[in-house]
Each structure stands twice: as structure tokens, then as C-alpha cells.
Amino acid sequence: MAKGKTSDKNTPVPSVPTRASRRKRNVDVESPSLKASAPPKRKRQIAKDQNSNLTITNDNTSCVTKPSHADTDASTSTGSTLSPLDINTHGSNLVFPCSLHPRKSTYQFTCSTPSPRYQASCNSVIQHLFANRMGHGGKFNNLKKSAKSSIVQLVTDMQLYRTASPFDRRVTALEWHPNNPSMLAVGSKGGDIILWNVNELNQDTFVQGKGPGGSIQAMKFWPDDPKCLLTASIDGKIELHDFEGVQNKVFLDTMDLDHWFCGVDVNSQRKVLSAGDNKGNVTLMNTQGKKIWQSRLHKNKVTHVEFSPREDWLLCTASMDQTVQLWDLRMVKDRSSVLKVLPHSKGVNSAYFSPTDGKRLLCTDQHDELRVYGGPSWTLGTTISHPHRAFRHITPIKAQWHPLEDLIIVGRYPDPKFPGYTQGEKRTIDVFDADTGDVKCQLHDPGAPGIISLTKFNHQGDSLACGMGFNILLWNRREFVEEKQEKLMSQFNTHFNTNNDANNTSAPESTDNSGNSGGKTKGSKNTKTKKDKQTRADDAAVKAKIAKTKKK
């Protein structure tokens, strides 16, 4: 290819293609007036990018495209205007990425570098968008505060409307059904489980536990079949319970009374489940029951395991070794594989991801501290001082999230040694703002004066279940309480009248049948009468035999 004439020694100008090459390539003749003006005549040092057809000056003023010597026809490379976001700095020179296109031009183009003010405005826009995405910016932040205040008002208006005491030992676990907002699963220290329909009567399912040594430590509804419940218990089993009578499936069994499981969770996206035990081990296996890996990730008992609702590969574990740790499921080999360690001053009862967006982690220690960490770097955002010390004969207190807003729900265990303690302080349910740590409201009912160890909202946020010793407490919005209680009373009266009618109709049948020698006995009363007659007859026969023996 013939080189074109140049107006300056340092500025090449490509030659105009011949008529034959234009016909061959179908290139239109462009007007010479469209040619870009040459840069000012001054001495500059030239730096060439060896990977592209660009000539770049080190005074950061312009860049000029130059025809490649490797081309054999009249067509040359195209210099395209680049976005300032495509600029990468290398030392004192600027390197502009260049893309080649099928149709090429023979004319020069210049590209000026962005000014500092323009770069600053781009950065401010990006920062503004990021702040809004994280919920910390401008009008979006005001809208979020308004929504939170509405949720706080709904929680403040809640009232206790139903209680139940189905167990002979204290409540140890609560879990709402993922699809049915009125179905609650509750586990006890004796291993008993009740599936409780909170809006209906006589529609509950009860599973008898093994008693001492069968305490339910954690449970989750099975994602593939919500009629099944996965539990971790002190009897050393990770077991899947089926409420329709199908035989239970055991995923893990330690076969050791001194080795048991304390936490379990299921990842529906990756089809895996994870369990933590009292030895510090964490086990990952698929939902078919095949073990993927098992490793001792903590120095002491693992009290809680949970998958992130935002990142399906992220696993959180809490332990009595005073740490909360984050793991990448795809890279776990041993304790050194940890992504982040969150140290605490006491053992940790639980660590829950926020259900709203999964960007926060709520940790409850065993004494007087609640911590909120923020992703993606998981730095400490809010620390709340709150009395909830551990005691041997109560279920460990665990703070929970509200499902619709970043509000913290936790039971209070008043401590005379806690700063700010007042005489006669009530055992309330406290609601905190996760952003500021301020108390938004407190729930209390004189009929439930005990320590609230467990709290959990259903997924709609309109019902709050609590565990208080042996009792299950259910809270609902004040405006609906009267209506719900009237419905329950109506169902109770109907059921009571039905039973009375059944008992009254069974009495005449018993009389008729007793008078009829050929009739069959029906009803419980008739059965008892027949048994009594048989017993008297047997006694008479025995007395007769005794009398004959004496005569002889």
C-alpha cells in the first residue's frame, strides 16, 4: 500500500484509494472537506500501542489513528470515539482499547481525554446509584423510612389472642409453613412436634417424641414437599418427618448419646442441606442423602447454620467458640477455607440473614449483645445492648427479623446487673430498628408474664408466634383479634354440641340393646355394661368353687 503525503513529519495522512479499489470494495468517494484537521504543529513525544493501530501522545491531549503498514489495500483501520469509562491508565500514557469493524475508513479522528470535572460527575452518579441500591440515598431513603414506620405501627397494634400448651416440656423450636401463613410447626424439649393450624380448631397434627434426650434443636419445612419437616435433635439424628403417615427418612445418625445435632438448614436452589453438631463439625449433603463433605469448622458446638437467601453458595455458621463464620460451599476444604470470621465476646446463639434482601446478618450472643453486620464485606453496622442472658433451664433467646422490613424482634430477660435496669421491669418483646438500634415498640400481655425465648413472624408479617416455657403464644393485629376469637368460639360451640348430641343418642341404643337378647351392643356405655356383667359372673363362679372346696 502506498503511503500518503503528510503535512507534518509527525502526522501521517493516508492516501485516497484508487478508482479500481473503490469499485471493488463498493466504497463511496468522500468529500475532502470531511477530513479532520491536523493537530497543532509542536514537538511531542510519540508512544505507539503495539496491539492496535493507534498513535498516542504523552501530553494527554489527543490520540490519532494511523494506517497499519501491514495492510495491502487502500482500506485502513477505523479510529472510533471511545467512552471515558473505557480508559485505562498505564504510567504516564493513556491506552485506549480499539475495536475493529468490517468497514474501514481512511480518515483521521481525534479523541480528547475527559476533564477532571467530567470524571468527578461520572463517579458521583455511580456512587448515587449504588447508594440508592443499598437504601442509603435521597428520596429512596425517605420512602424506605416511611414504609418502615408503617410496619412499626402495625406491630405496635398487635395483641395476644390465642395460646396453647400441648407439651409437657418447654418449647425449643418454631417454624412457619412456607406456603400456608396459618400453619405453625412447634418442637419441644421432649421431642414432641405439633403442626398447629392457628385459625382453625381440631385440625392439628401431633407427633409424639421420645421424651428425655429427644429435644428438637432446629427444624425446617422440606422445600420439595411442604408436608414434610426436617429436624435436628439431641438424639443424634437429622430426620425428615412426614405428617401423612409415611415412614420418616433419616439423613444422619451419630449413634452416640454424647454426639448430637444443633442446627440444620436446606438450600432449595442447590438441592443440599447442611447440619452442625456439638463437636464443631459441619456436614453438607444433597437432598438425596449423599454426603458431599464434612469438616470440623469450629472449635466448639455449632449452634446455628443457615444459607443466604441472596447468594445460594454462601453459608453462615454460629458457634459457642464466640465466632460467626461465612463459607463458600464450592471451596470448603477445612477451617482455613473461611471467607470471613466475625468475632464476638460471648458464645453465639444464632445468626440470621435478613429476609428482605439478604444483605444483613443478625447475631445474638448469650449475654447482652445484638449485632447487625452488612454485606458484601460483612462489616459491623449496629450494636445493640439488650438483656437476654443464657440460663440452663430456659430455651436460648434468639433475635429474629421482621419479614417485610429490617426490624429486630427479641424477647427480654431483665437483668439487675444490666445498665438501665429498673425495679419490676417487664419481660417484654422488644422491637428494634436495625439501622439505628432504637427501640420502636414493646409488646406485653399481663396474662403472659414469662420469658419469651423464641419469636417468629409468618411470611406475611401479620401473625407473631412466641415460645414461653411450655406455652405457645400467638399475636395478631388488634383489629382482627375480636373477629378471629369469635370464629374460634363458634367452632368450639359447634364441636361441643356435636359431641353432646352423639352421647345423648348413644344412651337409648344401649337400653334397647340390653333388653333385647338377640341385639348387638353399641356405644361405649353398652360395652362397659357388658364387661361389668361378665366380671360379676366370673366373681360368682370363683366364689362357688371356693365354697365347694371348703365343704370337701
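Residues numbered from 1 in each chain as written. Predicted model: local features only at pLDDT ≥ 70, side-chain atom pairs only at ≥ 80, totals over all residues. Heavy atoms only, no water.

Chemist: Hey, could you run me through the overall build of the protein chain in this one?
Modeler: In terms of helices and strands, the protein chain carries five helices and 33 strands. For the protein chain, the proportion of its 552 residues judged to be buried stands at 43%. Sequence-distant contacts, at least 24 apart, represent 50% of the contacts inside the protein chain between residues at least 6 apart. Total accessible area on the protein chain is roughly 31,000 Å²; 50% of this is exposed by carbon and sulfur atoms. (Helix = DSSP H or I, 4+ residues; strand = E, 2+ residues; numbered from the N terminus. Buried < 20%, exposed > 50% of the residue type's maximum accessible area, 1.4 Å probe, protein only. Contact = heavy atoms within 4.5 Å. Areas by Shrake-Rupley, 256 points an atom, 1.4 Å probe, with all protein chains shown as cover.)

Chemist: It is not clear to me how the nonpolar core should be interpreted in this structure. Could you clarify?
Modeler: Nonpolar side chains tend toward joint burial in soluble globular proteins. The biggest cluster of nonpolar side chains holds 19 residues, and the ones touching the most others in it are Val-155, Ile-429, Leu-443, Leu-464, Cys-466, Leu-473 and Trp-475. Secondary structure elements with two or more residues in this core: α3 (138-156), β6 (158-164), β28 (407-411), β29 (429-433), β30 (439-443), β32 (463-468) and β33 (471-477). Look past the residues within four positions of Leu-464 in its chain and what remains in contact with it is Met-158, Ile-409, Ile-429, Leu-443, Thr-455, Lys-456, Phe-457, Leu-473, Leu-474 and Trp-475. By size, the runner-up hydrophobic cluster in this structure holds 17 residues, among which are Ala-164, Ile-194, Ala-465 and Ile-472. (Core = buried A, V, L, I, M, F, W, Y, C linked by side-chain atoms within 4.5 Å.)

Chemist: Can you help me understand the pattern of salt bridges in this one?
Modeler: If the charged atoms of two oppositely charged side chains come close together, the side chains can form a pair. With the rule as written, the count across this model stands at 15 salt bridges. With a shortest N-O distance of 2.7 Å, Glu-369 and Arg-371 are connected by a salt bridge. For the salt bridge of Arg-412 with Asp-430, the shortest nitrogen-to-oxygen distance reads 2.8 Å. Of this pair, Arg-412 sits in the loop between β28 and β29 while Asp-430 sits in strand β29, and the two are 18 residues apart along the sequence. Given the relative accessible area of 0%, Asp-430 is considered buried. Here the salt bridges do not stand alone but share partners, grouping Lys-148, Arg-360, Asp-406, Asp-433, Asp-435 and Lys-440 into one network. (Salt bridge = Lys/Arg side-chain N within 4 Å of Asp/Glu carboxyl O.)

Chemist: What am I meant to see in unusual backbone geometry here?
Modeler: Put simply, Gly-375 and Pro-376 share a cis peptide bond, and its omega is 5°. Following the sequence through the fold, Pro-376 ends up in the loop between β25 (369-374) and β26 (379-385). Positive phi is not limited to glycine here, since Met-255 has a value of about 55°. Inspection of the secondary structure assignment puts Met-255 in the loop between β14 (249-253) and β15 (261-267). The backbone of Lys-271 sits at a positive phi, close to 60°, despite the residue not being glycine. With respect to the element layout, Lys-271 can be found in the loop between β15 and β16 (272-277).

Chemist: Looking at this structure, I do not really get the environment of Ser-182. What am I missing?
Modeler: Inspection of the secondary structure puts Ser-182 in the loop between β7 (171-176) and β8 (183-188). Through-space distance from the C-alpha of Ser-182 to that of Gln-460 is 9.9 Å; in sequence the pair is 278 residues apart. Residue contacts for Ser-182: discarding those within four places in its chain leaves Trp-176, Trp-196, Asn-197, Val-198 and Asn-199. Side-chain polar atoms of Ser-182 contact the side chain of Asn-180, separated by 2.8 Å. (Polar contact = N/O pair within 3.5 Å; in protein donor to acceptor, adjacent residues only side chain to side chain.)

Chemist: So what exactly am I meant to see when it comes to the sheet that holds β8 here?
Modeler: What holds strands together in a sheet is hydrogen bonding between their backbones, with the strands either parallel or antiparallel. Spatially, β7-β8-β9-β10 is the arrangement adopted by the four strands of the open sheet, whose pairing is antiparallel. Single-partner strands in this sheet number two, and they are β7 and β10 (205-207). Here the strands of the sheet are splayed against their neighbours by 15° on average, with no regard to which way each runs. Two strands pair when backbone bridges link them, and β8 and strand β9 (residues 193-197) are joined in this way by five bridges, in the antiparallel orientation. Residue pairing in the sheet places Ala-185 in a bridge with Leu-195 of β9. (Pairing = 2+ DSSP bridges. Axes fitted to C-alpha atoms, helices over the stretch in contact; angles between N-to-C directions.)

Chemist: Would you take a moment to explain the pairing of β30 for this structure?
Modeler: The side chains of a regular strand alternate, first on one face of the sheet and then on the other. Bridge count between β29 and β30: four bridges; the pairing is antiparallel. The partner of Phe-432 across the bridge, within β30, is Val-439. Between β29 and β30, which pair antiparallel one after the other, the connecting turn spans five residues, and Gly-437 there sits at a positive phi close to 80°.

Chemist: Just checking my understanding: could you explain the sheet that holds strand β20 (residues 314-319) for this structure?
Modeler: In space, the four strands of this open sheet follow the order β19-β20-β21-β22, with antiparallel pairing throughout. Each end of this open sheet is capped by a strand with a single partner; those strands are β19 (302-307) and β22 (340-343). Taken pair by pair, the neighbouring strands of this sheet meet at an average axis angle of 15°, ignoring direction.

Chemist: Looking at this structure, how should I read the side chain of Ser-233?
Modeler: By the secondary structure assignment, Ser-233 is in strand β12 (residues 228-233). For Ser-233, a relative accessible area of 4% puts it in the buried group. Ignoring any residue separated from it by four or fewer positions in sequence, one finds Ser-233 in contact with Gly-214, Ser-215, Ile-216, Gln-217, Trp-260 and Phe-261.

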